[in-house]
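Here's the letter readout for the chains.
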Amino acid sequence: MGSDETQRLLLSETRDHSHVNEKSDLQRRRPRRGSASDTEINLLQQQNAILQTPQSIYETQEAELNFKPVLLCLAAYLGTGTLCFFLASYHIQGIKTNGFLDALYFCVVTMTTVGYGDLVPNSTIAKLLACLYVFTGMALGGLILSKAADYIVEKQEVYLVKAICNAEKLGLDEVSKELVTKKSKYKFLLSVSTFIVLMIAGTVFLYFVEKLDFVDAFYCVCSTVTTLGYGDKSFSTAIGRTFAVFWILSSTICLAQCFAYLADFYTEDRQRSLAKMVLTRKFSPRDLEAADLDGDKAVSAAEFVLYKLKEMGKINQEDVTDVMEIFRKLDCDQSGTLTEADFRNSQV
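Keep in mind that this is a model prediction, so the values were computed, not measured. (Residues numbered from 1 in each chain as written. Predicted model: local features only at pLDDT ≥ 70, side-chain atom pairs only at ≥ 80, totals over all residues. Heavy atoms only, no water.)

Structural notes on the overall build of the protein
Then comes step 1: Tallying secondary structure elements over the protein gives 14 helices and two strands in all.
Then comes step 2: Counting across all 348 residues of the protein, residues that qualify as buried make up 34%.
Then comes step 3: Relative to all contacts within the protein whose residues are 6 or more apart in sequence, the contacts with residues 24 or more apart total 67%.
Then comes step 4: With an accessible surface of roughly 21,600 Å², the protein has 63% of that area assigned to carbon and sulfur atoms. (Helix = DSSP H or I, 4+ residues; strand = E, 2+ residues; numbered from the N terminus. Buried < 20%, exposed > 50% of the residue type's maximum accessible area, 1.4 Å probe, protein only. Contact = heavy atoms within 4.5 Å. Areas by Shrake-Rupley, 256 points an atom, 1.4 Å probe, with all protein chains shown as cover.)

Some words on the packing of aromatic side chains
Then comes step 1: By the definition in use, this model includes 14 aromatic pairs.
Then comes step 2: Seen in terms of ring centroids, Phe283 and Phe304 are 5.4 Å apart; in terms of plane orientation they differ by 65°. Their pairing is edge-to-face. With a gap of 21 residues between them, Phe283 in the loop between α10 (238-280) and α11 (285-291) and Phe304 in helix α12 (residues 301-311) connect regions that are remote in the sequence.
Then comes step 3: Given a relative accessible area of 35%, Phe304 falls into the partly exposed group.
Then comes step 4: Aromatic ring contacts, followed pair by pair, group Tyr105, Tyr116, Phe205, Phe235, Phe243 and Trp247 into a single cluster. (Phe/Tyr/Trp six-rings, centres within 6.5 Å; stacked < 30°, edge-to-face > 60°.)

Digging into the environment of Leu293
Then comes step 1: Within the secondary structure, Leu293 is located in the loop between α11 and α12.
Then comes step 2: Assessed through its relative accessible area of 14%, Leu293 is described here as buried.
Then comes step 3: For the pair Leu293 and Phe304, spaced 11 residues apart in sequence, the C-alpha to C-alpha distance is 9.6 Å.

Notes on the packing of helix α8 (residues 183-208) against helix α9 (residues 214-225)
Then comes step 1: The interhelical angle for the contact between α8 and α9, taken along N-to-C directions, is 135°, at an axis separation of 8 Å. Relative to α9, the element α8 lies oblique. Helix-helix and strand crossings are classified by hand; for α8 and α9 the assignment is right-handed. Across the interface between the two elements, Phe195, Met199, Gly202, Thr203, Leu206 and Tyr207 of α8 pack against Phe214, Ala217, Phe218, Cys220, Val221, Cys222 and Val225 of α9.
Then comes step 2: Class assignment of the residues belonging to the contact of α8 with α9 gives a composition of 11 nonpolar, two polar and no charged. (Axes fitted to C-alpha atoms, helices over the stretch in contact; angles between N-to-C directions. Parallel < 35°, antiparallel > 145°, perpendicular 65-115°, else oblique. Left-handed = near helix turned anticlockwise from the far one by under 90°. Nonpolar A, V, L, I, M, F, W, Y, C, P; charged D, E, K, R; others polar.)

A short note on helix α13 (residues 317-330)
Then comes step 1: In this model α13 runs 20 Å from its N-terminal to its C-terminal C-alpha over 14 residues, within 8% of the 20 Å that 1.5 Å per residue would give.
Then comes step 2: All of the buried residues in α13 are Gln317, Val320, Met324 and Phe327. With its buried residues spanning 85° around the axis, α13 presents them on a single face. Of the exposed residues in α13, the ones pointing more than 90 degrees away from its buried face are Glu318, Ile326 and Lys329.
Then comes step 3: For α13, the N-terminal cap is Asn316; the gap from its side-chain oxygen to the backbone nitrogen of Glu318 is 3.1 Å. (Expected span 1.5 Å × (residues − 1). Arc of directions from axis to C-beta. Polar contact = N/O pair within 3.5 Å; in protein donor to acceptor, adjacent residues only side chain to side chain.)

Considering the state of the cysteines
Then comes step 1: In the structure shown here, the tally under the stated rule is zero disulfides.
Then comes step 2: Here Cys254 stays free of any disulfide, with the sulfur of Cys258 as its closest cysteine sulfur at 4.5 Å. (Disulfide = S-S within 2.5 Å.)

A short note on a nonpolar patch on the surface
Then comes step 1: A cluster of nonpolar side chains, namely Ile196, Ile200, Val204, Tyr207, Phe208, Val209, Phe214, Val215, Phe218 and Ile239, defines an oily patch on the protein surface of about 980 Å² accessible area.
Then comes step 2: Where the nonpolar patch is concerned, the elements lending two or more residues are α8 and α9.
Then comes step 3: The element contributing the most residues to the nonpolar patch is α8, with five residues.
Then comes step 4: Within the secondary structure layout, Val204 lies in helix α8.
Then comes step 5: Residue Val204 is classed as partly exposed on the basis of its relative accessible area of 39%. (Patch = residues over 30% accessible without salt bridge, like charges linked within 9 Å, V, L, I, M, F, W, Y side chains within 5 Å. Salt bridge = Lys/Arg side-chain N within 4 Å of Asp/Glu carboxyl O.)

What follows is the structure in structure tokens.
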């Protein structure tokens, strides 16, 4: 079946179903003079059902984002690597402080590809272990840490939007709408703010604890977060490497998230501009002809919505075809509507 025939079948089935519902509604209740018709009431109810969030957006995020598995995976991965490098510690040379701490520090420096060079493998087994760990660390560790960063940003994003909207005295519905429409913007702003805080924290720590001058401290921070890791300036004390284990993980991932959210923000902004242009453009006779999919010289609400969504790039013909195919499979009695009998028959 061609694309136009698929659309026409979809619209005719939808229209027939709506006609049946309107007739049954009219049989149950006659509209009073001056009041809205049943069709208008049903249309408003359907629109409200679509626009209304079934539950709070914050509850949805709580349900979707579970931080505990991410922490467990990260702990297991770092624990395994730390144990391996601790057992092979005599194959690693450089500035050493504590055996276990040095192994954990070396894991983090290797996994984030910072590679200061203050600790390096000096035997065949240690070099092979480092090669294996850096590749698995870039793949698995990067995935785990990015999910952890997403969780943290999502949690903080909710509080940020709440604070902004509370300051403007907006309600929960407005807060939810604000969060959905400007999601990438708030993620980017929050990740940038977090990254600046981490940069300041690292510089201050290196200046006061590692006793580097301000320029060297800032230079070390920049070479670390960008994973350049020149190695001329690094963390050399036990307390410094303890701090570095957490700081390097968070700062390198936060910088990556900043660039990712910047790309999302740019893409979302372009999509929003396109949608605004499509919705504000005047509806011409040519558009009327293109939107009239069933050729009856009239554009229904379903046809208009479908035409605008396709124009905005929200859906394409393949989406419509796939949905229609699923509908046909569920519609076991080929009645053009879905009922409980169809679901029972489809599960047999």
